[in-house]
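Survey of secondary and tertiary structure
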Amino acid sequence: NERPAASGTARSAELAERAARVIPGGVNSPVRAYGSVGGTPRFLVSGRGAYVTDADGTEYVDLVASWGPALLGHAHPAVVDAVQEAAGRGLGFGASVPEEAELAEEIIARVPEVERLRLVSTGTEATMTAIRLARGATGRPLVVKFAGHYHGHSDGLLAEAGSGLATLAMPGSAGVTAETAGQTLVLPYNDPTALAAAFAEHGDRIAAVIAEAAAANMGVLPPEPGFTAAMIEIAHRHGALVILDEVLTGFRAGPSGYWGIEQARVPSGAAPDLFTFGKVVGGGLPLAALGGRTELMELLAPLGPVYQAGTLSGNPLAVTAGLTTLRHADVAAYRALGNAADAIIGEVTTAFEAAGVPFRVQRAGSLFSVLFGEFAEPPLDYAAVQRQEVERHRAFFHAMLEQGVNLPPSAFEAWFVTAAHDDAALERIAGALPAAARAAAAA
Ligand code: PMP
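Predicted, not measured: the structure shown is a model, and the values here were computed from it. Residue positions are given per chain, counting from 1 as you read along its sequence in written order. Side-chain atom pairs in this predicted model are given and counted only at pLDDT of 80 or more, local residue features only at pLDDT of at least 70, and totals for whole chains, interfaces and linings cover all residues.

1. Here's the deal with the overall build of the protein chain
For clarity, the threshold we go by: Numbering of helices and strands runs from the N terminus, with a helix taken as a DSSP run of H or I at least four residues long and a strand as a DSSP run of E at least two residues long. Radius of gyration here is computed from C-alpha atoms only, and the compact-globule reference equals 2.2 Å multiplied by the residue count raised to the power 0.38. Neighbour density around each residue's C-beta defines its exposure: 20 or more other C-beta atoms within 10 Å make it buried, 12 or fewer make it exposed, and counts between make it partly exposed, where C-beta atoms are placed from the backbone. Whether two residues are in contact is decided by their C-beta atoms, placed from the backbone, lying within 7 Å.
When helices and strands are counted, the protein chain shows 15 helices and 13 strands. For 443 residues, the compact-globule estimate of 2.2 N^0.38 gives 22 Å, and the C-alpha radius of gyration of the protein chain, at 21 Å, lies within 12% of that figure. Referenced to the eigenvectors of the C-alpha coordinate spread, the extents of the protein chain come out at roughly 60 × 55 × 45 Å. Across the 443 residues that make up the protein chain, the buried fraction comes to 52%. At a minimum sequence separation of 6, the contacts of the protein chain that also span at least 24 residues come to 77%.

2. Section: helix α11 (residues 316-328)
Put simply, the rule reads: For a helix, the expected span equals 1.5 Å multiplied by the residue count minus one.
Compared with an ideal rise of 1.5 Å per residue, which puts 13 residues at 18 Å, α11 spans 18 Å between its outermost C-alpha atoms and is within 8% of the ideal. Of all the 13 residues making up α11, 11 are buried; the element is thus mostly covered by neighbouring parts of the structure. Among all positions in α11, only Pro316, Leu317, Ala318, Val319, Thr320, Ala321, Gly322, Leu323, Thr324, Thr325 and Leu326 are buried. Those residues of α11 hidden inside the fold are in contact with α2 (77-88) and α3 (98-110).

3. Some thoughts on the pairing of strand β8 (residues 241-246)
Note the threshold: Two strands pair under a simple rule: DSSP has to find at least two bridges between them. Here is how to tell: hold the view so the strands point away, follow the path from the first strand over the helix to the second, and if it runs clockwise the crossover is right-handed.
For β8, a buried count of six out of six residues is recorded, marking the element as mostly surrounded by other parts of the structure. Here β8 shows two buried faces, one formed by Leu241, Ile243 and Asp245 and the other by Val242, Leu244 and Glu246. Sheet topology note: the strand β7 (residues 206-212)/β8 ladder contains five bridges and is parallel. Bridged to Val209 within β8 is Val242. Tracing the backbone out of β7, into helix α8 (residues 227-237) and back to the parallel element β8 gives a crossover that is right-handed.

4. Looking at the sheet that holds strand β13 (residues 405-406)
With mixed pairing, four strands are arranged side by side in an open sheet as β1-β2-β3-β13. Strands at the two margins of the open sheet, each flanked by one partner only, are β1 (44-48) and β13.

5. Thoughts on the sheet that holds strand β6 (residues 184-187)
We count it as follows: For every element, the axis is a line fit to its C-alpha atoms; helices are fit only across the contacting stretch, and the angle between N-to-C directions ranges from 0 to 180 degrees.
Read across the sheet, seven strands follow the order β4-β10-β9-β8-β7-β5-β6 without closing on themselves; strand pairing throughout is mixed. Bordering the open sheet on either side are β4 (116-120) and β6, each of which pairs with just one other strand. Averaged over all adjacent pairs, the angle separating strand axes in this sheet is 20°, with direction ignored. Packed on one face of the sheet, helix α7 (residues 192-202) meets β5 (142-146), β6 and β7 and runs near 155° to β6.

6. So, the environment of Ala420
Topologically, Ala420 is positioned in the loop between β13 and α15 (423-442). Note: C-alpha distance between Ala420 and Trp259 (161 residues apart in sequence) is 24 Å. Not counting residues up to four positions away in its chain, the partners in contact with Ala420 are Gly49, Ala50, Leu72 and Gly73.

7. Considering the site of the ligand
Cut-off, in case you're wondering: In this analysis a residue is considered near a molecule or strand if the C-beta atom, reconstructed from its backbone, is found within 6 Å of that molecule or strand. Each residue is assigned to one class: nonpolar for Ala, Val, Leu, Ile, Met, Phe, Trp, Tyr, Cys and Pro, charged for Asp, Glu, Lys and Arg, and polar for all the others, Gly among them.
In the vicinity of the ligand there are 16 residues, among which Gly123, Thr124, Gly152, Val247 and Leu248 approach most closely. Looking at side-chain class alone, the shell around the ligand contains five nonpolar, nine polar and two charged residues.

8. Description of the nonpolar core
Rules: Take the buried Ala, Val, Leu, Ile, Met, Phe, Trp, Tyr and Cys residues, join any whose C-beta atoms are within 7 Å, and the set you get is a nonpolar core.
By size, the foremost hydrophobic cluster in this structure holds 142 residues, and its most contacted members are Ala134, Ala208, Leu241, Ile243 and Ala289. The dominant element in this core, judged by the number of residues it contributes, is α15, at nine residues. Apart from the residues within four sequence positions on either side, Leu241 is in contact with Ala134, Ala137, Thr138, Ala207, Ala208, Ala235, Asp273 and Leu274.

9. Some points on the environment of Arg140
Relative to the helices and strands, Arg140 is located in the loop between α4 (123-138) and β5. Given 21 C-beta atoms within a 10 Å radius, Arg140 is considered buried. Sequence separation between Arg140 and Gly203 is 63 residues, and the spatial gap between their C-alpha atoms is 9.8 Å. Setting aside chain neighbours within four positions, we find Arg140 in contact with Arg135, Arg205, Ile206 and Ala207.

Worth remembering: the numbers are spatial, not functional.
Written out as structure tokens, the structure is:
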């Protein structure tokens, strides 16, 4: 369990400099730039199981897991073999391939509310299309989203979004017209009264409410008991649709996504109308999906009037990676994910209490995150989690990194375990926590 001696960050620093000369900020997705934690972003060159290795040859236990997709661990042999076999037959044809329906069947088997599924390439496309579909189905213009929820970077969904915008403390994005922004109503999460009030005022103009199944882009913040049920009831009473975004939680929080857990708390048996998936369903390659009832989904072209398309949609390599990942995401894999989450949460609690660091662990299935700071009340919304002490996270992040543990470089992201986080990986994390907790205490 000894990690190889760190050989510094010279090569990563060189690569970052080179990248910054040709790529804005040196990155193709903002959080990778270490903007909120500072220091040299590690360039990664390989990964296997629970571990990744950077360009300077330092190995880390990884708690980013490609921001979710690597459910089984990096470079799972079955997934790599299947993708290599598929690649040998061609990288994509722009025609249908047999595996697309197999992936749709696998997802439908896990979420029975999904009767038809359309494959796209990113979570952004999945939610953007779901919203277009909701508007097409209802003929209404407005969309309700919750502050701190992230649904990708389409224009209408960037207001008060979590993820990178939370990390960079950006309220929204330049380049979104006032007209577009005005069609999104942003409400506090976990507040059925605010939702009912918005519907009382605008109900006949609201096409859909979109929500993460459990918020996980402002740290993990699951719905309060009764909130999802109230959301579905209020939306349906006003003829609006509910889009449950499972891009992050889907087939990670549990075998049927977070809906599989939450469903038991919706006594009426009512359900969301549309679901979006991403990350795990692509097994590490670019693939996402949206699904729902047949009569809604068949409003999509070529059957219906709502247009959506993609050159690379249903790409055979991505479909193969996703399908193989889901087929290996069995009872044992979910047990391993849950055990890894339990073990890390236990060690965090011990180390933080010993060091006197104020903290809160937030959890949704095998997803969890750690908030730094005193919270008199459990945080329920974005305003509450924004009160966390990000300088403690910064000190903690670097102390963990120096000891060979790669955490998300943001205080607003979930920690991602994999089914490959075995005892050796968990021991490395446990070994690093006491010193990192002391660093957080001193920050
Ligand atoms: N929805 C949720 C809940 C997400 O977490 C994300 C990405 N983190 C997206 C949508 C967007 O997915 P993508 O980055 O693939 O566009």
